[in-house]
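Structural overview
Spelled out, the chains give:
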Amino acid sequence: MKKSLLILFLVISINLVYTQRSVTNFNNDWSFILEDNPNFSKENFNDTSWTTLNVPHDWSFEKGVRKGGDQGQGGGYHDGGIGWYRKQFNIKKESLSNINYINFDGVYMNSEVWVNGIYIAKRPYGYISFRYDISKYLKVGNNTIAVRVDNSLEPSARWYHPCGIYAQVKLIEVNPTHFKPNSIFIKTPSIQTNKGTVTIDAEFKGKTKGLKYDVKLFSSDGKLQDSKRVKLKKSQSTVQLEVENPKLWSPERPNLYKAVTQILDGKKVIDEIETTFGFKTVEWKTETGFWLNGDNVKLKGVCEHWEGGPVGGAWTKPILRWKLQSLKDMGINAIRPSHNPTPPMFYDICDEIGLLVMDEIFDGWHKKAPQDYGKQAFDEWWQRDVKEWITRDRNHPSIFVWSLGNETHSDVAPELVKFGKSLDSTRLFTSGAGNPEDMDITGVNGGSETQSFIENRRFDKPFISTEAPHTWQTRGYYRTQTWWRDNELPGTYELPDLTEKEIFFYEGINPKNWRNRKQSFNSSYDNATVRVSARKYWEVMRDNPWHSGHFRWTGFDYYGEAGLVHGGLPFNLFMGGSLDVAGFKKDLFYFYQSQWTKDSMLHMLPHWTHPRMEKGTVIPVWVYSNADEVELFLNGKSLGKDKPGTIWNEMQCEWMVPYEEGKLEAIAYVDGKEVKRTSFSTSKQPSQLKTSIQKLDAEDSFTTSYIITSESKDENDNLYPYGENKIYYYIDGDVKKISMENGNPIDPTSRTKSDFRALFFGKTRLFLRELPNAKQASIITASILGDKALYTSKTITIDTKQISILDYNPSSDLEVLYTTNGDNPETKGIIYKGAFEISDNTTVKAIVKQNGKVVLKMNETFGKNEGLFWGDEHSKDMWIGRGVNISAEEGILSGKAKASSDARRYKGSGFVRFDGGEGSITWYQENDGEAGDYSIRFRYMHNNIGELHPMKLYVNDEYIRTLEFKATDGWEKEWKFVPTIITLKAGANNIKLETTGESGPYIDELFID
C-alpha cells in the first residue's frame, strides 16, 4: 500500500467513525497570571484581565535575570513563584459518551488541575508527562480548565529550570474501549539479515467482547510489511509479526518502521494508535565497549539540559529540531538529556535524525538542591514517575540505555533497577556516578577525566563516561595561557601553555572588579578546563577499547550554574558548550567536526584583527580540518603546510605567526588537490550590519520560527570581531518575539522585554515565532555602529534596514535623526546622511521613523572606558594562586540571615548579617576531584568583645562541628578568618553555617583552599 493511500484510508476512518481517537491541539489561547488565589480555580472566574498566550510558556525566562533571583546562582538568578493558567474549550454532546484525557507533556512543577471548578489531581515532578481522565467532569458546550503551577519553594534544581506549562498540551478523545495509555510495547526479539521478528504488547480499557485487534506494520515509505488480526478475549494481548530484510536503525541510517494498531467493531475502527519503532541490536562488552548492529561504535555524545539555548524551557519542535540538528552537524551520535526526561518530541526528532539517547530520569534520589524533587516528592512519587517515563519512551529506537540518576547514592538503587527492568527488560541500566555497583553499566562523570583514573581503571562491567570532558570556551575570546577552573588538580594530563607569556589582554570585566578568579572569560584554544582538554579526552576514549565513549559537558551553553564555574553575577550562564546559547558555533564545535565527520571541513582560529597588539607578536594560529594537509598564507606568502595528527596536541594544524595586518588564508588539500579554503582579513571599525534569516518550518502543532542573525562588518565586509554595539529591532506583523540572544554570559539586558540586544564579539540573534494563521510580518533593524572605545577609529555609522519576514513588501523609506550632544533627536535631531566623527565620552542618540512615526529609539555611548576591558600582562596578577572563594550573599539564606553592603573591605557585592537573630547560610560546591579532606575558611567580622557567636557547620546535611568566631575589633572593616577541615564527596556538596541561639557575625566569604 502506498503512503498516500494509507493516509487517505486513515482520514476516511476518522470521518466515518466519530468514536475513533481524536487528538486536539490544546496549546493556544490560554489565559495566564503570575499570582496565587484559590478563586482562580472556579469555573466562572473572570480572567479577561489576564495575559493571553500560547504554550509552550516559561514565565521564569520571560521575567529574566534578577539579582537575588529565587533560583540562585544554580538557576542563573531567575525567579520561581506561583502562576495560574486557564482555558475555555467546547465539548459536543456526543463526546460525553466517550473518554476524554487531558495530556500534559511537561509542567514545572507541582502542577494542580481543575476542570469546571472541580479538583482533579496534582503532579509534583516538573520533568514528566502525565494525563487525567476528565470525562465525568465535562458538560455540553463551554468548559473550563485551570492549572496552578507552584514554584514557590526554590531553588528546586541545581541548574536553571522553566516555570509553567513549558510543553505541549493535548485533549485526547477515545471510545470507552481503547488502548490504555502507554501500554503498547514493541520489541524486536530476533533480527536476522533476511527477517526481523516483531512482538507487540498492548493493553485495553473497556469492554472487549466481540471486538477484534488488528496490527499492521509499514516501512518508512508506506509499504505494508505484515499484518495480523485476532479476537479480543481479555484486557491485554501480544501478537507476533515479521518483516523481511529489515533495515536497521543507526545514527548514520535512521531507518524507521510504523506499527498501526487498531481496535475493530466489525469493520469500524473504534481506536487506533500509530507507533514508530526501529530494528537495532545493542551489546555492551567490558573489554571492547559498545556495539551497535554488530559494529564496535564509540559513543560521541553530549550532555544537554532541556534549558540549553535561546528559549529557556519553552521549546517548540522547529527550534528543538534546529538545536539537535546543530549538534548532529558537529558529528555527535549520542545525547544524554541531563538530568531528566524531556517532552516526547525530543525523542521523535532523535529517532528521525539519528541520535542515540541515554534517557535519564532523576538528578538525585534524595535532596540535592534545597527544594528539589528529591526532597519534595521522590519517596512518594518515584515509582509512578519511572513507570510513566519508561512506558512512554520505550518504543523509541533512539533510546539505547536507561539512566536512573546523576551523582547520587542511595539504598533505593537496586529497587529502581528492578522496577525499571519490570517495565523494559530489553535495555540495560546505568547512572551518572550513582550506585555503580547496582547498575548494569558503570557510568562515571568528571572523575573519569584524570590520567590516574584512565591508567588505573578496574571494571568488571562495561564503562561509559557519562559526563566528560568539562572544558570551557567563550566564543571569540582567546588566551595562550592554560586556565584550570579550580587550579591544576593532581593526576591530570598535561596541558602546557601555548606561549611563554600571555599575548591577549582583553576581558569582559576589569579583573579589579572580579568577585573571584573564576570571572575571566575562557579561552577558545581548548586550554580552559577542569582536568583535561577536549582533544586529549577524545584521544583517550578513541584509543582505549574498553572506553565506550563520552558525553561531553555540554552541547550548548545553558542558563544557570553561573557561580559554579564563572563566579556568580554578573555571570548568569554556563559556558561549557560547543555552541553558545544563541546557537553560534564555538571553535570547539569545529574541533569535534574535524574528528567526527567525513565531509571536507576547514576552520581557522583566532581571528586576525588585533589593533592593540604589537606588530611581530607571535600568535598561535590553529586550523581544524579533516583534510590530508593544510597550507597557511599570510598576505599571499606561504607559511608552509601541516598535517592534522592523531596525537591530541597534533590534532590541530598549527603555525606560530608574527602578527601583521592583512589577510590570513588556509587551504586544505586531499590527495594533493584543493578541497576547501577559508580566510580572515584584518577588520577596520564596524560600519555596516549584515542580517540573515533562517526559516524553521512548522511541524505538528507548532508554527514556523525564524532565526535572525546580525553581524558587525567593516566597509570591506570583514567581520569586526570585537563588535559590541546594540542592535535594535522593531517587529511588525503576525510574529512573536521569543528572545534575543548573543551568547554573552554577563549581559543583563532582558532577552524578552527589551527591543535591543548588543553584539557579543560581533554577533547577535533575534528569535521569532509565527502566530497562528500568520499572513505577513517584517522587522526593522537599526544600530549605531563604531568601535566602542574609539581606539581604531572615531567614525560612527548608523545602519537601518527593513527586512521582510513573511510576505511583506516595505512601502516606505526609513528616516533616521540623531544627536551627539545629549539633545533629544525627536526635537533637535540631525537627519542622518552618512558617517560622522565623535570625540571621547560621547553618547549618540538616534530615532528611526517610518511614515512619520517613531518606531525605534536608540543610544550608544563611546569612549576609552566603554566596552571590553583592555589590560596588559599584569592585569590579572592579583588572582594568581588563589583558591576558590564563594560569596556568602550568593549562598542560600534562611531565617534572619540577609545580604548587606553596609560595611567596608568586604569582597564581592556584600556580606551576610544576622542582626541579633538566628539563621543559616548554605553554599554549594562542586568537587571535581576525588572525595577527600579540604581546608576551608570563613571570612567574618564582629566587635562583640568576649562573645564567640558559635555556629554549627554542616556538610551535606551532616553535622560536622561547631565553630567559634572571636571578636575582630570592628563591625565595619576588620575581617578575619576561621579555618577548619572538612570532607567533600565527589560531585555536588552543600556546606552550611547555622547559628546556635547566639546570632552570628558578619560572614563575607567561604574559601576552599
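Residues numbered from 1 in each chain as written. Predicted model: local features only at pLDDT ≥ 70, side-chain atom pairs only at ≥ 80, totals over all residues. Heavy atoms only, no water.

What to know about the nonpolar core
Formally: Nonpolar cores were defined as sets of buried Ala, Val, Leu, Ile, Met, Phe, Trp, Tyr and Cys residues, with membership established by side-chain atoms within 4.5 Å. Relative accessibility under 20% of the residue-type maximum defines a buried residue, over 50% an exposed one, and the middle range a partly exposed one, all with a 1.4 Å probe and only protein chains included. What makes two residues a contact is simply this: any of their non-hydrogen atoms within 4.5 Å.
Core analysis: the biggest nonpolar cluster contains 142 residues, and Phe 362 and Val 386 have the highest contact counts within it. In this view, Phe 362 contacts Tyr 125, His 339, Tyr 373, Phe 378, Trp 382, Asp 385, Val 386, Leu 404, Gly 405, Asn 406 and Leu 416; residues no more than four positions away in its chain are not counted.

Some thoughts on the pairing of strand S67 (residues 987–995)
Basically, it comes down to this: For helices the rule is a DSSP run of H or I covering at least 4 residues; for strands it is a run of E covering at least 2, with both sets numbered from the N terminus onward. A pair of strands is considered paired only if DSSP assigns at least 2 bridges between the two.
A large share of S67 lies buried, amounting to seven of its nine residues. The sheet contact formed by strand S62 (residues 919–927) and S67 spans eight bridges and is antiparallel. In the sheet register, Ile 921 faces S67, and the bridge partner there is Leu 993. Sheet topology places strand S64 (residues 951–955) next to S67; five bridges connect them, and they run antiparallel. If you follow Met 951 over to S67, its bridge partner there is Thr 995.

Description of the sheet that holds strand S53 (residues 830–831)
Read across the sheet, four strands follow the order S53-S52-S55-S56 without closing on themselves; strand pairing throughout is antiparallel. For this open sheet the edge positions go to S53 and strand S56 (853–862), each flanked by a neighbour on one side alone. The sheet contact formed by strand S52 (residues 814–819) and strand S55 (residues 842–850) spans six bridges and is antiparallel. Bridge pairing links Glu 815 to Lys 849 in S55.

A look at helix H11 (residues 587–596)
For H11, the tally of buried residues reaches eight of ten residues, placing the bulk of the element in the interior. Every buried residue belonging to H11 is among Asp 587, Leu 588, Phe 589, Phe 591, Tyr 592, Gln 593, Ser 594 and Trp 596, and all of these are buried. Residues of H11 that are buried make contact with strand S24 (299–304), helix H3 (317–330), helix H9 (534–543), strand S34 (547–552), strand S37 (602–605) and strand S38 (618–625).

Side note on the environment of Val 848
Tracing the backbone through its elements, the reader meets Val 848 in strand S55. Distance in space between the C-alpha atoms of Val 848 and Pro 825 is 9.7 Å, their sequence separation being 23 residues. Each residue touching Val 848, except ones within four places of it in the same chain, is listed here: Ile 780, Ala 782, Thr 800, Leu 814, Glu 815, Val 816, Lys 853, Val 854, Val 855, Leu 856 and Met 858.

So, the sheet that holds strand S16 (residues 212–219)
Using the following cut-off: In this analysis, axes come from line fits to C-alpha atoms, helices being fitted only over the stretch in contact, and the angle between any two N-to-C directions falls in the range 0 to 180 degrees.
Judged by pairing direction, the sheet is antiparallel, and its four strands sit side by side in the order S17-S16-S19-S20 without closing on themselves. Two strands bound the open sheet, and with one partner strand each, they are strand S17 (224–231) and strand S20 (268–277). Mean inter-strand twist for the sheet, computed between neighbouring axes without regard to direction, equals 15°.

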